[in-house]
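Coordinate analysis (summary)
The lines below spell out each chain.
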Amino acid sequence: MKLRFLIFLIVSTLFAFLLAKHDVTRVGIETSRYSTVESVLERGTFAIDDSIFTTPDKCERNGHFYGDKPPLVTFCAIAWGRVLKCFGVRYLDGDYFRAVYLTGVLTFLLSCFTGWFFYLGLRRRPRMPESYRMAMSVMSVVSTLVLSYAVTLNNHTPCAAVLMGLVLLLERCEETGMTRLRAFLAGIMTGLILNLEFVAGGVFGIAVFVFVLTSVSPRRTENALMYASGAGLMILLEAGMNMVSYGSPLPLYLFTHKPSFTEKNYLTYAFNILFGFEGFFLYMPALLFAGFACASERMRRDRVFVYMMISTAAAIILFAVGTSDFGGWCYGYRFLIPFAPVLLYYIAIWFGRPRPRLKRWKVFRLALIWGVVFAVVGVMNPWNAGYEGSSTPKNALPNHFRNGFLANAFVFCWQTSPHSALTQFFMDRVYGREYAMLYLLMELNNRNDHEGLQRVMEQLQEMEESAGTPENALE
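Residues numbered from 1 in each chain as written. Predicted model: local features only at pLDDT ≥ 70, side-chain atom pairs only at ≥ 80, totals over all residues. Heavy atoms only, no water.

1. Here's the deal with the overall build of the protein chain
When its secondary structure is counted, the protein chain shows 22 helices and 2 strands. Compactness check: the protein chain gives a C-alpha radius of gyration of 23 Å against a globular reference of 23 Å for 475 residues, within 12% of the reference. Each principal axis of the C-alpha atoms in the protein chain carries an extent, and together these give about 80 × 60 × 50 Å. Buried residues in the protein chain amount to 55% of all 475 residues. Here the contacts in the protein chain between residues at least 6 apart in sequence split such that 74% fall between residues at least 24 apart. Looking at the protein chain as shown, the accessible area adds up to about 21100 Å², and 65% of this sits on carbon and sulfur atoms. Side-chain charges of the protein chain comprise 43 positive and 35 negative groups, with the mean position of each set lying 17 Å from the other. (Helix = DSSP H or I, 4+ residues; strand = E, 2+ residues; numbered from the N terminus. Rg over C-alpha atoms; globule rule 2.2 N^0.38 Å. Buried < 20%, exposed > 50% of the residue type's maximum accessible area, 1.4 Å probe, protein only. Contact = heavy atoms within 4.5 Å. Areas by Shrake-Rupley, 256 points an atom, 1.4 Å probe, with all protein chains shown as cover. Lys, Arg positive; Asp, Glu negative; His and termini not counted. Charge placed at Lys NZ, Arg CZ, Asp CG, Glu CD.)

In structure tokens:
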């Protein structure tokens, strides 16, 4: 087991150094955190007024602006930045790219623990081939959007790792009994999820409390209190980080991001975040096989499985009802990323039963390969410019760029072979040449690709001499 863990660390580290990003996009989700990190490390303040990172995701308090993202990831990045600073790596004086890169390396490594926890869970299952366990554990990262987002500083992929860890803990509680210590640890873990993802943390926090309270144990009330104390401790941690940052225990996210119940067709929006242009299952179709697991009487006898599935379904409904921006400028519907490995975990268990049905297994393998392709394309830029639902003006350019996979693939084709048949197909048949060129201008600016911007500007000047550009396209 120690040898396997060592191999896991070595392989994860190699891919972390290979794939981590050296730069930050202009999307507020990234710049909001990095502006706070850079301000604390270089100026000793959480106010981001003078940061080298400009961000739209901020909130004004007492005459200063502060990043509005949940603070846990930011504080961890600050701590890591202090470590880097001890070795002479800073966000100024030419070390900016190195600091961002090494922060991405750490995020990638933490995200890879999703696969390790996945593997530990499958090891508990009897009569399952070791090669199958290892292959599915790798797929939990490389066939889901965990891989796409792990290359940048984010909260979704660490949340996926914590959620898989919670599954392991609850399974242990079912196998050998709920204890006060385990209940306390469960509270800590759901509190961590709350610090990373408000909706997921709220849903799983309530669900696991009920799970602890209904566990077979003579000390249910004591266990429930221990759980509540662990979760409460993590809530106090977040309140404390907010107080240190800007003097209030309330998250700034509550003031800048409010539930959106209007300006959308609920069925259309739900379809597009699950199956449509930003569809969770479009990008990761293998997860649809969770339906077979849910229909299995054998699987439904697993109490942890039932609680995980109900909680995941509840979170999906809340996101469908309470959001309208498709996650903003991002690759796929990012809010559901933490649930992807959990769904795949139970699918792997269902398929790993004795005598799996070969036909479904073949289709499942194709779906996993599809997920790998989509995840790898997402690595190119998980924070790509695109449609933001009700936040996008009617005549704005992003209305024409709704699918992150196609957008990333188009930019990649143009960067590697601008005159190829595939690139011309994207420009003439998919988007239209004028809109395609303007999108390249927007997305390359988002990626800080100055060389690419120069090339696009030259081509745009040539196009302007022969024809005008679409009106209001850059709104």
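After presenting the structure, the write-up continues.
2. Re helix H16 (residues 303–322)
Taking 1.5 Å of rise per residue, 20 residues should cover 28 Å, and H16 covers 28 Å from first to last C-alpha, within 8% of that figure. Residues of H16 that are buried: Val 304, Phe 305, Tyr 307, Met 308, Met 309, Ser 311, Thr 312, Ala 315, Ile 316, Phe 319, Ala 320 and Gly 322. If you follow the buried residues of H16, they end up packed against helix H7 (156–176), helix H9 (198–213), helix H12 (266–274), helix H14 (290–295), helix H15 (297–300) and helix H17 (340–351). If you check the start of H16, you find a side-chain oxygen 3.0 Å away from the backbone N of Val 304, and it comes from Asp 302. (Expected span 1.5 Å × (residues − 1). Polar contact = N/O pair within 3.5 Å; in protein donor to acceptor, adjacent residues only side chain to side chain.)

3. Re the pairing of strand E2 (residues 64–67)
Pairing of strand E1 (residues 58–61) with E2 involves 4 bridges; the strand directions are antiparallel. Paired with Cys 59 across the strands is Tyr 66, a residue of E2. Between the antiparallel neighbours E1 and E2 lie 2 residues, among them Asn 62 with a positive phi of about 55°. (Pairing = 2+ DSSP bridges.)

4. Observations concerning the packing of aromatic side chains
A complete count under the given rule lists 50 aromatic pairs for this structure. Here the aromatic rings of Tyr 283 and Phe 374 are separated by 5.3 Å at their centres, their planes lie at 80°, and the arrangement is edge-to-face. Of the two residues, Tyr 283 sits in helix H13 (residues 280–283) while Phe 374 sits in helix H18 (residues 358–380), which places them 91 residues apart along the sequence. In this structure, Tyr 283 and Phe 374 share a single accessibility class: buried. (Phe/Tyr/Trp six-rings, centres within 6.5 Å; stacked < 30°, edge-to-face > 60°.)

5. Things to note about the pattern of salt bridges
As enumerated under the stated definition, the model contains 14 salt bridges in all. Here Arg 447 and Glu 443 are joined by a salt bridge, their closest N and O atoms 2.7 Å apart. The buried category is assigned to Glu 443, whose relative accessible area is 0%. (Salt bridge = Lys/Arg side-chain N within 4 Å of Asp/Glu carboxyl O.)

6. Side note on a negative patch on the surface
There is a patch of like negative charges on the surface, built from Glu 458, Glu 462, Glu 464 and Glu 465. As for its position among the elements, Glu 464 is in helix H22 (residues 450–466). (Patch = residues over 30% accessible without salt bridge, like charges linked within 9 Å, V, L, I, M, F, W, Y side chains within 5 Å.)

7. Remarks on the layout of surface pockets
Volume-wise, the largest pocket comes out at about 1100 Å³. Lining the largest pocket are 41 residues, with Tyr 253, His 257, Asp 325, Arg 334 and Phe 335 sitting closest to its centre. When contributions to the lining of the largest pocket are tallied by element, the ones reaching two or more residues are helix H2 (28–43), H9, helix H11 (253–256), H16 and helix H21 (433–446). Grouping the amino acids of the lining of the largest pocket by side-chain chemistry returns 17 nonpolar, 15 polar and 9 charged. Roughly 500 Å³ of internal volume is contained in the second largest pocket. In this structure, the second largest pocket is lined by 17 residues; those nearest its centre are Phe 8, Val 11, Ser 12, Ser 137 and Val 138. When contributions to the lining of the second largest pocket are tallied by element, the ones reaching two or more residues are helix H1 (2–19), helix H4 (96–123) and helix H5 (130–142). (1 Å grid on protein atoms, 1.4 Å probe; cavity = no way out; pocket = protein on both sides within 12 Å on 5 of 7 lines; lining within 4 Å. Points joined across faces, edges and corners; volume = space filled by probe spheres on them. Nonpolar A, V, L, I, M, F, W, Y, C, P; charged D, E, K, R; others polar.)

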